[in-house]
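Spelled out from the first residue to the last, the chains are:
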2 protein chains.
Amino acid sequence: MEEEEEIGTPNIPEIDSEELLSLIQKGDAKAITEVFETVPTIDIAEAADGFEPKDLIFIFRNVDSNYTADFFEELSQDTKESLIRAMTDKELVELINAQAADDMADTVGDMPANLASRVLRAADKDMRKDINALLKYKDGTAGALMTTEYIEMLDSTTVSKAIEEIRAKGKDAETVYTIFVRNRLRQFVGTAGLDDLIFAKADETLDDIMDQDVVSCTTQTDQEEVAQMFRRYDLTAMAVLNADQRLVGVITVDDAVDVMAEEANEDLARMTMMEPSEKPYMQMTAWENARKCIPWLIALLVLGTFTTLVLNRLEERPIFHALLILTSFVPALMDTGGNAGGQTTGLMIRGLAVDEFGPKDVGKILFKELRSALIVAIFVAGFAFLWVTIEQYTGIVSMGDLSNTGDPTNPLNFAGKTIWNGQCWYGEFASHALKFSALVSVTMFASIVAAKMIGTLLPMGAAAIKKDPALLSQPMLTTIMDATILVIYFGVACAFFPLYV
Amino acid sequence: MEEEEEIGTPNIPEIDSEELLSLIQKGDAKAITEVFETVPTIDIAEAADGFEPKDLIFIFRNVDSNYTADFFEELSQDTKESLIRAMTDKELVELINAQAADDMADTVGDMPANLASRVLRAADKDMRKDINALLKYKDGTAGALMTTEYIEMLDSTTVSKAIEEIRAKGKDAETVYTIFVRNRLRQFVGTAGLDDLIFAKADETLDDIMDQDVVSCTTQTDQEEVAQMFRRYDLTAMAVLNADQRLVGVITVDDAVDVMAEEANEDLARMTMMEPSEKPYMQMTAWENARKCIPWLIALLVLGTFTTLVLNRLEERPIFHALLILTSFVPALMDTGGNAGGQTTGLMIRGLAVDEFGPKDVGKILFKELRSALIVAIFVAGFAFLWVTIEQYTGIVSMGDLSNTGDPTNPLNFAGKTIWNGQCWYGEFASHALKFSALVSVTMFASIVAAKMIGTLLPMGAAAIKKDPALLSQPMLTTIMDATILVIYFGVACAFFPLYV
């Protein structure tokens with residue numbers, strides 16, 4: 001494997017923390033500039049995160065601001081704050097105004113008030129206006145995700161004039177590859193790519209060359225939906241409009257990609273019963289990590305009470321005393337039911353997340369899952385029948401000391417002792433063993449079908465009332481299924497073994 | 001919520017299947033062209049998927065090939081194949097040569113051999129060479145993901161010459177926004193953005209303006225790693241090199257985005273014990289869907305045998321006869337252990353997937369999870385103690401008919417009948433009930449810590465031997481934990497209730 005890995009390894013120049021720190025402490029500005037010219041900025045920022053503010057400031061004083069703007073953006077919130085605290089006003093002014101407004105708004109939004117107002121004072125008029133505008137949008141919406149630094153032009157602009165304008169002010173925009181076009185009413189009407197400009201004649205207007213068939217969203221659109229649109233329509237930038245169809249911002253593909261990663265993370269966290277975290281794992285303390293785990297474990301423990309209750313009541317029945325083997329299969333039945341339901345829930349959560357279907361399709365999907373559940377149930381229950389028979393035949397499990405029913409008419413009660421352990425496999429024994437296999441198999445069949453139906457309905461129901469399907473489905477499924485399986489199991493057991501009821 | 005949804009709804013023109021079909025059947029070429037001008041092509045393709053070949057051919061005959069190339073690409077494999085079968089050779093030549101080589105290679109790779117060779121015959125020389133080159137890379141590698149249609153220029157090219165060249169042949173490339181630069185040895189040396197050309201002077205060379213600090217990969221790099229690089233380094237295109245550092249292809253961000261969605265899908269599928277599917281849910285038949293479910297359910301059933309075995313053996317011990325309440329808490333204990341371990345496994349799978357850490361960090365992470373596990377265990381086990389006490393006090397669960405031990409010295413055995421049901425809560429009873437709560441609580445503490453340690457080690461171990469961590473961890477975790485919990489539970493029970501052993 002070693003060799004294969006080497007061939008497949010991507011080509012990325014690297015730097016480690018110690019090396020970087022020693023360059024800073026030697027005051028080797030030239031070597032540090034070289035590092036910035038060769039190593040990706042995010043990797044340098046990760047290596048430098050946690051350095052003393054004075055060491056970081058050395059970087060800001062000696063490296064080109066084209067690099068340091070990105071560098072600052074990639075630092076962790078804590079490091080950003082301590083750096084801002086340590087900077088002089090002059091340094092701060094320079095830093096803040098070199099940043100992208102949308103990134104700065106995110107940073108300011110998470111700061112203590114006194115620090116935030118120091119930053120806003122340092123920002124120039126345009127930057128302050130942009131940050132304040134962006135701060136008012138709710139986290140998780142297109143408004144909070146968008147940037148206000150983009151290129152917008154009137155539809156009557158000629159190609160040559162447009163190129164001139166891009167040359168003049170393009171460097172400040174987050175994306176110069178797309179020109180957003182508005183009409184005289186200030187309404188957004190389409191986009192023109194930089195490549196369209198290159199391919200067009202100098203005297204054509206944007207109106208002639210622009211793409212009208214343009215997908216856009218509003219400031220309120222959910223960020224997950226935005227990310228899905230980028231994926232579906234292969235976008236590199238998307239217009240964000242207000243209620244008057246005016247362009248108020250632009251979302252770029254790199255931000256959409258981050259949302260996708262964040263949402264995938266959240267789905268996975270919720271599927272594993274954890275509170276999603278915005279911090280990378282390595283940055284979380286043990287305490288923060290524990291705090292994400294505890295609420296769900298306790299909630300599930302409380303929900304599980306129902307199962308305990310049902311099982312406790314059933315165990316008082318004579319059949320559970322007589323056939324101790326019944327209890328031995330409870331975990332296997334519950335696991336299979338939970339797994340079968342979980343598969344369906346997972347499919348539903350994913351399908352709902354990528355908008356492949358919605359709550360309105362519930363009928364069609366329920367029917368499809370029913371057919372699929374019947375197929376799964378036939379195979380798995382059929383296998384279970386064989387497997388449980390083998391388990392009994394080989395003595396992996398035994399019926400238990402059946403004599404303790406104290407019933408001398410019990411056909412299994414031979415001289416008051418168990419002779420069941422695969423040592424004896426004929427007549428009444430075999431028929432009882434096969435009956436027991438059938439009991440497990442029938443219960444499994446019913447619970448797989450029930451689990452897949454419930455596993456379809458729960459996420460659909462959550463989506464219908466606009467709740468996150470991943471949040472509620474899995475724990476509810478486990479709780480409902482555990483109790484359901486016990487009741488099915490007990491009912492079938494009483495029907496199969498009336499002698500012991 | 002209705003109102004809020006309307007505000008947040010993105011702006012996308014729509015078309016439905018019936019409408020489109022009726023336009024085709026009326027032969028209204030003009031209206032159909034208009035549809036293509038306004039509605040995103042992928043939406044039209046979805047509406048048209050499953051139409052008769054003759055209806056689809058009407059579209060290809062009447063709509064500009066700029067649109068139909070994308071349209072074809074977005075159709076499902078089945079529809080593509082039946083369309084190709086129905087086309088004349090002349091139509092096929094036109095269709096194939098308008099496609100992107102990388103998409104065409106994917107389509108051809110999935111075709112029956114006779115159809116594939118018809119397509120390759122229809123392709124012109126360049127296209128055939130490209131398709132054949134791409135077909136040789138293994139699915140899931142950068143080689144299989146890349147396109148061979150990109151713009152490559154020599155580093156000594158001047159800016160004005162570069163723009164001229166882009167104008168001449170740019171339309172065929174998948175991305176004209178990035179120019180890939182090579183030196184005289186044909187080695188890849190950097191990239192220049194279209195914006196760099198716009199901002200540069202006409203007589204500068206690409207060598208002057210290009211970005212050398214460029215992240216690249218090789219044809220063997222895993223597609224998941226490629227997607228992570230796009231996310232981490234905010235790329236829009238990445239160079240794919242061969243062993244001689246020569247550029248052999250380019251991956252664009254839209255393909256990387258699809259990989260991200262695919263990988264998130266796979267992780268979720270594996271977490272829910274399903275075989276991942278490449279088909280969207282709605283396109284799977286019930287049988288295909290069932291086939292993804294069955295193997296895991298059966299494998300888990302077999303693995304679960306171990307739990308059944310342990311439980312069956314323990315139930316033969318007198319303590320389980322005497323204290324039926326013991327069994328009532330088995331599901332609750334197993335669920336909590338499984339959930340606690342699952343949380344950790346989920347964190348590990350995600351962290352390993354985004355390359356935040358690797359198997360080499362196992363020591364550091366194990367220590368962190370241990371501290372976090374101890375915190376979680378203290379809170380959850382503490383809560384469990386209170387909760388089980390409440391459950392007993394309120395009579396939700398009862399100790400069962402303790403008389404059936406038949407032991408008259410049993411302090412709980414009052415006149416041979418249970419008087420335990422929350423009706424009596426003092427002296428020996430209370431002390432036994434609290435002891436039982438302590439038993440559940442201590443077992444839970446030990447199993448949470450064990451589950452989180454095993455939940456760390458399993459994915460790390462899988463990654464260390466280069467297996468997919470999501471594939472093995474969850475089922476192994478459940479199996480190991482279920483049996484471990486039973487053994488801990490039984491051991492502690494014997495220590496706490498020596499009278500019944």
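Throughout this document, residue positions are counted from 1 along each chain, in the order its sequence is written. Numbering of ligands from 1 and lettering of chains from A proceed in the order in which they are written. Whole-chain, interface and lining totals are the exception, using all residues; otherwise, since this is a predicted model, local features are given only for residues with pLDDT of at least 70 and side-chain atom pairs are given and counted only at 80 or more. Only hydrogens and water are removed before side-chain values are computed, so all heavy atoms of the structure are retained for them.

**Q** Would you explain the pairing of strand S5 (residues 237–241) of chain B in this entry?
**A** All names here are of chain B. Counting buried residues along S5, 5 of its 5 residues qualify, which places the element largely inside the surrounding structure. On S5, burial covers both faces: Ala237, Ala239 and Leu241 on one face and Met238 and Val240 on the other are all buried. In this sheet, S5 lies alongside strand S4 (residues 216–218) in parallel orientation, the contact comprising 3 bridges. In the strand pairing of S5, Cys217 is matched with Val240. Crossover handedness is defined by viewing with both strands directed away from the observer: a clockwise path from the first strand over the helix to the second marks the crossover as right-handed. A run of H or I in DSSP becomes a helix once it reaches four residues, and a run of E becomes a strand once it reaches two; helices and strands are each numbered from the N terminus. Viewed along the sheet, the connection from S4 through helix H16 (residues 223–233) into S5 turns out right-handed. Strand pairing is assigned whenever DSSP detects at least two bridges linking the two strands. Both S5 and strand S6 (residues 247–252) contribute to a ladder of 5 bridges, which runs antiparallel. Each residue of the ladder has a partner; that of Val240, found in S6, is Gly249. Connecting S5 to the antiparallel partner S6 that follows it, the hairpin turn spans 5 residues, and Gln245 within it adopts a positive phi of roughly 65 degrees. For every residue, the accessible area (1.4 Å probe, protein chains only) is compared with the maximum for its type, and the residue is labelled buried under 20%, exposed over 50%, or partly exposed between those bounds.

**Q** What should I look at first to understand the packing of helix H9 (residues 101–109) of chain B against helix H11 (residues 125–135) of chain B in this one?
**A** All names here are of chain B. Packing of H9 against H11 leaves a shortest axis separation of 9 Å and a crossing angle of 60 degrees. Regarding H9 and H11, the two cross each other, and that crossing is right-handed. Residue-level inspection shows Ala101, Asp102, Met104, Ala105, Val108 and Gly109 of H9 in contact with H11, the latter providing Met127, Asp130, Ile131, Leu134 and Leu135. Polarity classes work like this: nonpolar for Ala, Val, Leu, Ile, Met, Phe, Trp, Tyr, Cys and Pro, charged for Asp, Glu, Lys and Arg, and polar for all others, with Gly in that last group. Here the contact of H9 with H11 is composed, by residue class, of 8 nonpolar, 1 polar and 2 charged. Lines fitted to C-alpha atoms define the axes, with helix axes restricted to the stretch in contact, and inter-axis angles between N-to-C directions lie between 0 and 180 degrees. Each crossing gets its hand from how the near helix is turned against the far one by less than a right angle, where anticlockwise is left-handed and clockwise is right-handed. For this analysis, residues touch if any pair of their heavy atoms sits within 4.5 Å.

**Q** Looking at this model, I keep getting lost on the layout of surface pockets. Mind explaining?
**A** One water molecule sets the probe size; rolling that probe over the atoms shows where empty space is left. All names here are of chain A. In this analysis, the protein atoms alone were mapped onto a 1 Å grid. Cavities are point sets where a 1.4 Å probe fits without being able to get out; pockets are open sets with protein on both sides within 12 Å along at least five of seven lines; lining residues have an atom within 4 Å of a point. Grid points are joined across faces, edges and corners, and a volume is the space filled by probe spheres set on the points. If you add up the space inside the second largest pocket, you get close to 230 Å³. Around the second largest pocket sit 14 residues that line it, and Phe60, Arg61, Glu91, Glu94 and Leu95 are the ones nearest its centre. Only helix H5 (53–62), helix H6 (65–74) and helix H8 (89–98) provide two or more residues apiece to the lining of the second largest pocket. Here the element with the most residues in the lining of the second largest pocket is H8; it accounts for 5 residues. Classifying every residue of the lining of the second largest pocket by side-chain character gives 6 nonpolar, 4 polar and 4 charged.

**Q** Honestly, helix H18 (residues 286–303) of chain A in this entry has me stumped. Any pointers?
**A** In an α-helix, one full turn covers 3.6 residues, which means residues spaced three or four apart are oriented alike. Residues and elements named next belong to chain A. How far a helix is expected to stretch is found by multiplying one less than its residue total by 1.5 Å. Between its terminal C-alpha atoms H18 stretches 26 Å, which fits the 26 Å expected from 18 residues at 1.5 Å a residue. Take the seven residues that end at a residue and the seven that start at it, fit an axis to each, and the angle between those axes is the bend at that residue. Along H18, the helix axis deviates most sharply at Cys293, where the bend reaches about 25 degrees; the proline Pro295 sits within four residues downstream. Among all positions of H18, only Ala286, Glu288, Asn289, Ala290, Cys293, Ile294, Trp296, Leu297, Ile298, Leu300 and Leu301 are buried.

**Q** Honestly, the sheet that holds S5 of chain B in this entry has me stumped. Any pointers?
**A** Across a sheet, strands are paired by hydrogen bonds formed along the backbone, either parallel or antiparallel in direction. All names here are of chain B. The strand order across the open sheet formed by 3 strands is S4-S5-S6, and the pairing between neighbours is mixed. Each edge of the sheet is formed by a strand with only one pairing partner; in this case those strands are S4 and S6. On average, each strand axis in the sheet is inclined to that of its neighbour by 35 degrees, with strand direction left out of account.

**Q** Teacher, can you tell me more about the interface of chain B and chain A here?
**A** The accessible area lost on association of the parts is a frequent measure of interface size. On the chain A side, the residues contacting the 131 residues of chain B number 131 residues. Computed with a 1.4 Å rolling probe, the buried area is the accessible surface lost when two parts are put together, summed over both parts. Summed over both sides, the interface of chain B with chain A buries roughly 11,800 Å², with 65% coming from carbon and sulfur. Salt bridges are identified by distance alone: a Lys or Arg side-chain nitrogen within 4 Å of an Asp or Glu carboxyl oxygen. At the surface where chain B touches chain A, the tally comes to 4 salt bridges. Whenever a nitrogen or oxygen atom comes within 3.5 Å of another N or O atom, the pair is scored as a polar contact, on the condition that within protein one atom can donate a hydrogen and the other can accept it, and that pairs from neighbouring residues in sequence are kept only if both atoms are in side chains. Linking chain B with chain A are 37 residue pairs in polar contact (both at pLDDT 80 or more). Class assignment of the residues belonging to the side of chain B that touches chain A gives a composition of 69 nonpolar, 34 polar and 28 charged.

**Q** When you look at empty space enclosed by the protein in this model, what are you seeing that I'm missing?
**A** In total, this model carries 7 cavities of 30 Å³ or more according to the counting rule given. Estimated volume of the largest cavity: approximately 860 Å³. Taken together, 44 residues make up the lining of the largest cavity; nearest its centre are Asp335 and Asn339 of chain A together with Asp335, Asn339 and Thr478 of chain B. Elements represented by at least two residues in the lining of the largest cavity include exactly H18, helix H22 (330–353) and helix H25 (469–496) of chain A together with helix H18 (286–303), helix H22 (330–353) and helix H25 (469–496) of chain B. Per-element tally for the lining of the largest cavity: the top contributor is H22 of chain A, with 9 residues. Computed from the structure, the second largest cavity encloses a volume of approximately 320 Å³. Taken together, 24 residues make up the lining of the second largest cavity; nearest its centre are Met260, Ala261 and Ala264 of chain A together with Met260 and Ala264 of chain B. Listed by contribution, the elements that provide at least two residues to the lining of the second largest cavity are helix H16 (223–233), helix H17 (253–271) and H22 of chain A together with H16, helix H17 (253–271) and H22 of chain B. Looking at side-chain class alone, the lining of the second largest cavity contains 12 nonpolar, 2 polar and 10 charged residues.

**Q** Would you take a moment to explain the environment of Ala48 of chain A for this structure?
**A** Residues and elements named next belong to chain A. Relative to the elements of secondary structure, Ala48 occurs in helix H4 (residues 41–48). With 31 residues separating them along the chain, Ala48 and Ser17 place their C-alpha atoms 6.1 Å apart. Other than its neighbours up to four places away in sequence, Ala48 contacts Leu20, Leu56 and Phe71.

**Q** Sorry if this is basic, but what is going on with the side chain of Glu81 of chain B here?
**A** Residues and elements named next belong to chain B. Positionally, Glu81 belongs in helix H7 (residues 77–86). No salt bridge forms around the buried Glu81; measuring N to O, its nearest opposite-charge neighbour Arg85 is 4.5 Å away. If we skip the residues at most four places from it in the chain, Glu81 touches Asp110, Met111, Pro112 and Leu115. Under the counting rule used here, the positive set is Lys and Arg, the negative set is Asp and Glu, and His together with the chain ends is not counted.

**Q** Please clarify how a negative patch on the surface should be interpreted in this entry.
**A** A grouping of Asp70, Glu74, Asp106, Asp110, Asp139, Asp258, Glu262 and Glu278 of chain A together with Asp234 of chain B is seen on the molecular surface, where their side chains present a negatively charged patch. Secondary structure elements with two or more residues in the negative patch: H6 and H17 of chain A. Structurally, Glu278 of chain A can be placed in the loop between H17 and H18. Given a relative accessible area of 76%, Glu278 of chain A falls into the exposed group. Here a patch means residues that are over 30% exposed by relative accessible area and free of salt bridges, tied together within 9 Å if like-charged and within 5 Å if nonpolar (Val, Leu, Ile, Met, Phe, Trp, Tyr). Computed with a 1.4 Å probe, the accessible areas rest on the Shrake-Rupley method; for each residue, only the protein chains presented here act as cover. Working definition for charges: the position is that of NZ of Lys, CZ of Arg, CG of Asp or CD of Glu.

**Q** I'm lost on the environment of Val189 of chain A in this one. Help?
**A** Residues and elements named next belong to chain A. Its place among the elements puts Val189 in strand S3 (residues 188–193). When its relative accessible area of 22% is taken as the criterion, Val189 is described as partly exposed. Between the C-alpha atom of Val189 and that of Asp211, which follows or precedes it by 22 residues, the distance is 8.7 Å. In contact with Val189, other than residues within four places in its own chain, are Asp155, Val181, Arg182, Asn183, Met210 and Gln212.

**Q** Would you mind showing me how to read unusual backbone geometry here?
**A** For residues besides glycine, phi is generally negative; the peptide bonds are generally trans as well. Located in the positive-phi region is Asp234 of chain A, a residue other than glycine, with phi close to 50 degrees. Within the element layout of this structure, Asp234 of chain A appears in the loop between H16 and strand S5 (237–241).

**Q** I'm lost on the sheet that holds S3 of chain A in this one. Help?
**A** Residue and element names in this part refer to chain A. Read across the open sheet, the 3 strands follow the order S1-S2-S3; overall the sheet is mixed. What marks the edges here is a single partner per strand, and that holds for strand S1 (152–154) and S3. Sheet twist, expressed as the mean angle between neighbouring strand axes with direction ignored, is 35 degrees. With 5 bridges connecting them, strand S2 (residues 178–182) and S3 associate as antiparallel partners.

**Q** What should I look at first to understand the side chain of Asn289 of chain B in this one?
**A** In this structure, Asn289 of chain B sits in helix H18. In terms of polar contacts, Asn289 of chain B uses its side chain to reach the side chain of Glu369 of chain A, at 2.8 Å. When sequence neighbours within four positions are dropped, the list of residues in contact with Asn289 of chain B reads Leu347, Glu369 and Ser372 of chain A together with Met274, Tyr281 and Met284 of chain B.

**Q** Explain the pattern of salt bridges here, please?
**A** Proximity of charged atoms lets side chains of opposite charge pair with each other. Under the defined criterion, the tally for this structure stands at 20 salt bridges over all chains. Between Lys54 of chain A and Asp55 of chain A there is a salt bridge; the shortest N-O distance is 3.5 Å. A residue is classified by how much of its surface remains accessible, and Asp55 of chain A, at 8% relative accessible area, is buried. The partner of Glu266 of chain B in a salt bridge is Arg270 of chain B, with the nearest N and O atoms 3.7 Å apart. Of this pair, Glu266 of chain B and Arg270 of chain B both sit in helix H17, 4 residues apart, roughly one helical turn. Since its relative accessible area comes to 22%, Glu266 of chain B is described here as partly exposed. Take Arg270 of chain B: its relative accessible area is 18%, and that puts it in the buried class. Via salt bridges that share partners, Asp43 and Glu46 of chain A together with Arg232 of chain B belong to a single interconnected network.

**Q** I tried to follow helix H11 (residues 125–135) of chain A on my own but got confused; where do I start?
**A** All names here are of chain A. Within the span of H11, buried status applies to Met127, Asp130, Ile131 and Leu134. With its buried residues spanning 95 degrees around the axis, H11 presents them on a single face. Turned more than 90 degrees away from the buried face of H11 sit Lys125 and Lys129, all of them exposed. Summarising the contacts, the buried residues of H11 are in contact with H8, helix H9 (101–109), helix H10 (113–122) and helix H12 (142–145). Here the arc refers to the directions that run from the helix axis out to each C-beta atom.

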